[in-house]
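# Analysis of the macromolecular model
The primary structure of each chain is shown beneath.
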Amino acid sequence: MASSTGTRPQLSYLTDQLNELKQKGTYFKLRVLDDEQAAVCHFDGKKVINLASNNYLGLATHPKLREAALKAIKEYGVGSGAVRTIAGTMKIHMELEEKIARFKNVEACVVFQSGFTANAGTVSAILGKEDFIISDELNHASIIDGCRLSRAKILVFHHKDVAHAEEQLASVKDQPGRKLLITDGVFSMDGDIGPLPGLCDIAEKYGAIMMVDDAHSSGVLGRNGRGTIDHFGVHGRVDIQVGTLSKAIGALGGYVCGSRDLIEFLYHRGRPFLFSTSHPPSVAATCIAAFDVLEQEPQWMEQLWDNTKFFKKELGLLGYNIGGVNTPASETPITPIIIGDGRTTMDFSKALFEEGVMGTGLAFPTVPEGKARVRTIVTATHTKDDLTQALEVIKRVGKRMGIIQ
Ligand SMILES: *Cc1c(COP(=O)(O)O)cnc(C)c1O
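Residues numbered from 1 in each chain as written. Predicted model: local features only at pLDDT ≥ 70, side-chain atom pairs only at ≥ 80, totals over all residues. Heavy atoms only, no water.

## Comments concerning the environment of Thr122
Position of Thr122 among the secondary structure elements: in helix α4 (residues 115-126). A relative accessible area of 0% means that Thr122 is categorised as buried. Considered as a pair, Thr122 and Gln405 are 283 residues apart in the sequence and their alpha carbons are 48 Å apart. The contact partners of Thr122, leaving out residues within four places of it in the chain, are Phe112, Thr117, Met211, Ile240, Val256 and Leu266. (Helix = DSSP H or I, 4+ residues; strand = E, 2+ residues; numbered from the N terminus. Buried < 20%, exposed > 50% of the residue type's maximum accessible area, 1.4 Å probe, protein only. Contact = heavy atoms within 4.5 Å.)

What follows is the structure in structure tokens.
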């Protein structure tokens, strides 16, 4: 058998670009988790306090979810066998969609393979090249890709700036195309919350479609984790609510909630729905169990917010820029430690890891140039002791590197 030939000349430009990353200090190796996604776990053989995961409520390892997954595997096997529109819609897929729709108090719901495909598939399905998208500058990559795929014209507004969004809407109000106003509910890099009431006002004023991506708010904000629509009480004013099943819900998937017709339309025109196989039944079963837990075990969300308040306060007292200075101010369990320079950020993240704290180093293009950061996320399953230990390491390493006094 022929052995691998390495990189042939056709692809050598990729090697050049990787070398550039290495020179800039932003090249990374994947960290590999040896055991469960837990508050304290082992990456690359090293025991760390995990401040990098989106497993906000600890549901990725919750006994009821494990049990639901195993039961579904025993009853229905491990795969769905086809895309939803051919033969891959199982009863359990329908059950999950009905469950989420009831939870969100909307007419209907469609589940996609991921939050990414939910955003990209929805925006690209409902708009065409004669239409306009008014989008927050810090919206998630999956929204941006959906906008590009739709071929609609994209007008970006300054982060959370309702007046600027209105200016953008006003600038195209006499154009014939449809208008979509779109924002993240919680912004993933900064942890701040989108200004939903103001955006709903202007969407209504200009007759625009209103869409919110609640990936980081599902299970985190609102009653029992119903998200930012519930947090702000703007029920009935958001046409399209996207959420993920991959973060606080603990498994995998994305969903879109809205009117029955919106969902039926996406069944017919959402390309990831039509052309990519549906979830294994165990994933659907896991998610159903997760929504039961959200309703029956509010203690996880309480613990999450308790930890969030404690950690944010202590981190701020250490003298770090944790947002709010030339950057948005976090209001959620996501707390960035803003460093600025990409190389220093990656070195800081590595040094933290060596001393037993896992926090993700994020540099350009994930965040704007000059705003590199280590992002921390606390979860419900961290103990106060875990967090205190992590803070000690963050303090010691920051002082040694001259990031704090
Ligand atoms: C993580 C994330 C997504 C993607 O969700 P997945 O289920 O991981 O594909 C979409 N939007 C935002 C804002 C996110 O943070």
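This is not the end of the story, as more comes after the structure.
## Observations regarding the packing of α4 against helix α9 (residues 260-269)
Relative orientation of the contacting elements α4 and α9 amounts to 95 degrees, with a least axis distance of 10 Å. With respect to α9, the axis of α4 lies roughly perpendicular. Packed against α4, whose contacting residues are Thr122, Ala125 and Ile126, the element α9 presents Leu262, Phe265, Leu266 and Arg269 at the interface. Tallied by class, residues from the contact of α4 with α9 come to five nonpolar, one polar and one charged. (Axes fitted to C-alpha atoms, helices over the stretch in contact; angles between N-to-C directions. Parallel < 35°, antiparallel > 145°, perpendicular 65-115°, else oblique. Nonpolar A, V, L, I, M, F, W, Y, C, P; charged D, E, K, R; others polar.)

## Observations regarding the sheet that holds strand β6 (residues 179-184)
An order of β3-β9-β8-β7-β6-β4-β5 is seen for the seven strands of this open sheet, with the pairing classed as mixed. Because the sheet does not close on itself, it has two edges, and the strands there are β3 (108-112) and β5 (153-157). Here the strands of the sheet are splayed against their neighbours by 20 degrees on average, with no regard to which way each runs. The pairing of strand β7 (residues 209-213) with strand β8 (residues 240-244) spans three bridges and is classified as parallel. Within the sheet, the bridge partner assigned to Met211 lies in β8 and is Ile240. (Pairing = 2+ DSSP bridges.)

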